[in-house]
Amino acid sequence: MRLPRRPRLLLPVAIALVAIVALFFLFSGIYTDYLWFDTVDPGVDYTSVFSGVVLTEIVLFLVGAVVMVGIAGGNMLLAFRMRPMFGPAMFGGGSGADRYRMALDPHRKLIFIVGMGLLALFAGSSFAGEWKTWLQFINGVPFGTKDPLFGMDVSFFMFDYPFIRMILNFLFTAVIISIILAGITHYLYGGFRLQSPGVHASRAARAHLSVLLGVFVLLKAVAYWIDRFGLVFSDRGFVHGASYTDVNAVLPAKTILAIIALICAALFFAGVIRPGGMLPGVSFGLLVLSAILIGGVYPALVEQFQVKPNQQLKESAYIQRNIDATRASYNVDKTEILPYTAEADPTKVQTGGDASVSGVRLLDPALVSATYEQTQRIRGFYGFSAQLDVDRYPDATGKQVDHVVGVRELLGAPEGQNNWINNALIYTHGYGIVAAPGNEVTEGGLPDYDAKDMPVVGPLANTTKLKEPRVYFGESPASNEYVIAGGNPNNPQELDYPETGGTEQKNTTYTGKSGVPVGSFFNRLVYAAKYGEKNILLSGDVNDNSKILYVRNPRDRVEKVAPFLTLDGNPYPSIVDGRITWIIDGYTTSNEYPYAQSESLGDMTRDRNTDRRVVAQQPQDKVNYIRNSVKATVDAYDGTVTLYAWDDKDPVLKTWSKAFPGIIQPAAKMSADLQAHVRYPEDLFKVQRYILSRYHITTPAAFYSGQDFWNVPSDPSQGDTNTKQPPYYVTTTMPDQNPAPTFSLTTTFVPKSGPNLAAFMAVDSVAGPDYGKLRILRMPSNTPIPGPGQAQNAFQSRFAGELNLLGVGASSVRYGNLLTLPYAGGLVYIEPVYIQVAAGGGQEPYPILQRVLVSFGSKIGVGRTLDEALKQVFGGEQQQTTPNNEQAKPNQNTTALKSAIDTAQSAYNDAQKALQASPPNWDEYGKAQKRLEEALKVLEGLGALPSTATTPTPSPTTSPSASPTVSPSATATPSPTATPTPTGGT
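As the structure is a prediction and not an experimental result, all values here were calculated from the model. Per chain, residues are indexed from 1 in the order of the written sequence. Owing to the predicted nature of the model, reporting of local features is limited to residues with pLDDT of at least 70; listing and counting of side-chain atom pairs is limited to 80 or more, with chain, interface and lining totals taken over all residues. Hydrogens and water molecules were not included; the side-chain quantities draw on all heavy atoms of the structure.

1. Quick word on the sheet that holds strand E6 (residues 400-407)
Stage number 1. In this analysis, strands are considered paired if DSSP registers two or more bridges between them. For the purposes of this entry, the term helix denotes a DSSP run of H or I that reaches at least four residues, the term strand denotes a run of E that reaches at least two, and both are numbered from the N terminus. An order of E5-E6-E9 is seen for the three strands of this open sheet, with the pairing classed as antiparallel. Whereas interior strands pair on both sides, the edge strands pair on one side only; in this sheet they are strand E5 (389-394) and strand E9 (433-437). The sheet shows a mean angle of 40° between the axes of neighbouring strands, taken without regard to direction.
Stage number 2. Where E5 and E6 come together, six bridges link them in antiparallel fashion. For helices, the axis comes from a line fit to the C-alpha atoms of the stretch in contact; other axes are also lines fit to C-alpha atoms, and the angle between any two N-to-C directions lies between 0 and 180 degrees.

See below:
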């Protein structure tokens, strides 16, 4: 049925319109990406990354598409041209192929064009996806280190070998597709028939297919030869790398197979001039048989009968190669391992002059985020990261102090106000940084903020001269959405911060240099298409001064401008040169380092604080080489990204610097303020501790036996045996260091089977000559030193009653990070204990610090402060626990008892009033707690309370009028497993 004239005219018009719209949206995506790169930092040409990657992908796409279509399509056309002159009749009669040919033949040109188009698309896309392999191949620089098997520079295996394998895989695919398509074409057009008996083929078809099979076998010969070099990545042996069997059986077998494959290829080519299928059949059989016997059976026999009965001896040299390569590739070959006696008797140690523990960080960044949230978010549309960060800033005396730091980020428009204007134009940014010294709290157990509120106030804000507190670029989910800022500076409409009373607000206008201008109609049009939002095009609030800000997560920004880097999972904020700056560690990684052990990056870095199953996946999970080559910064206000070459000796970084010149600045350009906030990256340290749990052993025999392997202990504070304890940033002193404490990243090891402490590891985290120096204190093997789990059990067993008393009512006990530190010739465990209280008034539960636990050997102490707990362990003023009641007169006891009860009653009531205030008055709460504790100590001395009872935390849900009078039952020692509810909350 023929369509009317008008519909026939409308159809191509409709198709053309659809194509134009599709192309416009495609153009919008590419063009807006270019605009983004162009405005990330006007001082750095990041567009070279965009253009370099895009052009490389385009060229590779075209090469892959043309070569694939040329090989496969060319062979298909050749098969068609070789079809028999008389068609299928030459073999006598028709066949099932005739029906298919008759159906397809009228449309063969269209089918060919569409088929080749799809093939070009898939082949080109696959080839374009290998742009990193290509750029590393053409820009690779030598390592200056040779592999122990072939004596070739490591760069061959890192940069050349992957490219050669890529080309071989592509050619194999092209030849296999050509064989299939040529075979189908020959079959459809009568080149051969599947008839009984056997296959009948024309001379042309047989010659064509013989050549293709010969080319395939020739490629197989090349592959066998190249596979020899791939043995350095073998996992056949006890460890990764070429094993005894690989070197003595597989390597010669690969060489022999390459020669046999060459002979077989020649036999296939000979089939072109010699009729019959004997030569191809012989060559195919020889190839398969030799692959099975020489390539499979022979190495298996060597492994089974030579290696396994004597594996330790046979594999010794190859285990040593693996140990050396792995320690070098993970940069742990210069680790210092020091024997450490870890004196466990506190009466035998000298603590004089050792102040490395008195200032240790007590605030747990993983716990106090909720405290920051409830006390410093100011409004419900602000929030803090669930995991705060640790940085260091000077105190009033100039001494560097560990700080727990969080950024007050915007979570989105208030509930019920979720519309485009609010989301895109008004609620555009967070405001301020909140920081507190990690080693002190207020009397109420809260962080003692030295940077807080809106506007930001406090000693830290003054000393760092914070000039720009606004946060347009951050880690909150809202940063995944775009905002349009700038607008009209004469009439600011972006919410800066709510003013006192909540009835007014301070507005601002963005003036940063980053962001894409959207004043022109065309730019507004392409962004309206990109985000499918017509208001970008129509809104009168978008003017010539407006800029659209997107890709606002710091990690995403760095990943976009440096796609060749693997990024640390924990960017952290610092005040650098008066601005809030995100610092992100960038790694160059590879899985191509010869003889090195390959491991999963996700498995190596997973612990309580970083679970790779729920965060963005790394681009390459399997690695056997890693360097912290780049320190990247992102300005929290305008999003400017700067990349610094932190390890400019890394050959992989040199390779990428050749590929993208000018985008990575030398580390010498880092300001002194920025260098003061650089720290050793967590993910790299986790990888290195994973490797050093085995590769601290450097002799093959000991490595093979594995009896001295270590494990990272489970996190004892969480009671989860499947979650590794994370490393901790603390300021500590290693025995071989200068007496001055150093900001370090620390971890512990326990034996492969056993709870005792095996080793303590720390790395210097301060920029300087010792930065990155790994030190391990190895515990004596003949003296059991309690491990973190044992220390946690000791704490809970010793103070279960007191801690249970703290967790009465609506409160609950939460343990903070259990820190292990070298101290006074031994090891000290320090753990903060928090009480999670619900303050009411719509606020959620959050923890406050109430106790500090200290353990040294068999001595354990508890106090409201670290100094109190240390005195209990190492001496000093001791609390009298046995009252001299015999010398007290009855009337004096009665009077003292009544006075203490009255004091406890008053202190308890004051604490409840402080809790119920809106907002809670934590200073008054702390003072009341202190008075209550003193009163209970008096009661304890008079025998009215057991010696294990101490100050409980008043429950916010307990009536303030409840009497603190001590009941007779309160004099019993609390059960370690029960949670007693004392009368009146005492």
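2. Examining the sheet that holds strand E14 (residues 516-517)
Stage number 1. The three strands are arranged E11-E15-E14 in an open sheet whose pairing can be described as antiparallel. The sheet terminates laterally at strand E11 (483-485) and E14, the two strands that pair on one side only.
Stage number 2. Where E14 and strand E15 (residues 547-549) come together, two bridges link them in antiparallel fashion. Considered in E15, the bridge of Val516 is made with Ile548.

3. Regarding unusual backbone geometry
It is generally the case that most residues other than glycine have a negative phi and that most peptide bonds are trans.
Stage number 1. Note the cis peptide between Met454 and Pro455, where omega equals -5°.
Stage number 2. With respect to the element layout, Pro455 can be found in the loop between E9 and helix H13 (459-463).
Stage number 3. For Asp453, which is not glycine, the phi torsion reads 65° and is therefore positive.
Stage number 4. Despite not being glycine, Val551 shows a phi value in the positive range, around 50°.
Stage number 5. For Val551, the location among the structural elements is in the loop between E15 and helix H16 (554-561).

4. Some remarks on the nonpolar core
Side chains of a nonpolar character, in soluble globular proteins, are inclined to be buried together.
Stage number 1. Among the nonpolar cores identified, the biggest contains 111 residues, and Tyr46, Ile484, Tyr527, Val561, Leu643, Phe660 and Ile663 are the most heavily contacted of them.
Stage number 2. Here this core gets 14 residues from one element, more than from any other, and that element is helix H6 (residues 154-188).
Stage number 3. Residues are treated as being in contact if the distance between any of their heavy atoms lies within 4.5 Å. With residues up to four places along the chain from it excluded, the contact list for Ile484 reads Trp420, Ala424, Leu425, Thr428, Val518, Ile536, Val542, Ser546, Lys547 and Ile548.
Stage number 4. For the purposes of this section, nonpolar cores are sets of buried Ala, Val, Leu, Ile, Met, Phe, Trp, Tyr and Cys residues that join through side-chain atoms within 4.5 Å. Relative accessible area decides the class of each residue, using a 1.4 Å probe on protein chains only: under 20% of the type maximum gives buried, over 50% gives exposed, and in between gives partly exposed. The next biggest cluster of nonpolar side chains, apart from the first, holds 41 residues, and it includes Ile583, Leu684, Phe709 and Met761.

5. Concerning the pattern of salt bridges
Stage number 1. Salt bridges are defined by distance alone: a side-chain nitrogen of Lys or Arg within 4 Å of a carboxyl oxygen of Asp or Glu. The final tally for this structure, using the stated rule, is 22 salt bridges.
Stage number 2. Between Lys560 and Asp33 there is a salt bridge, with its nearest N and O atoms 3.4 Å apart. Taken together, the residues Lys560 in helix H16 and Asp33 in helix H1 (residues 5-39) connect sequence positions 527 residues apart.
Stage number 3. Here Asp364 and Arg608 are joined by a salt bridge, their closest N and O atoms 3.6 Å apart. In this pair, Asp364 sits in the loop between strand E3 (336-339) and helix H11 (369-376) while Arg608 sits in the loop between helix H17 (601-605) and strand E20 (622-623), placing the two residues 244 residues apart along the sequence.
Stage number 4. If you follow the salt bridges from partner to partner, you end up with Arg165, Asp227 and Lys254 in one network.

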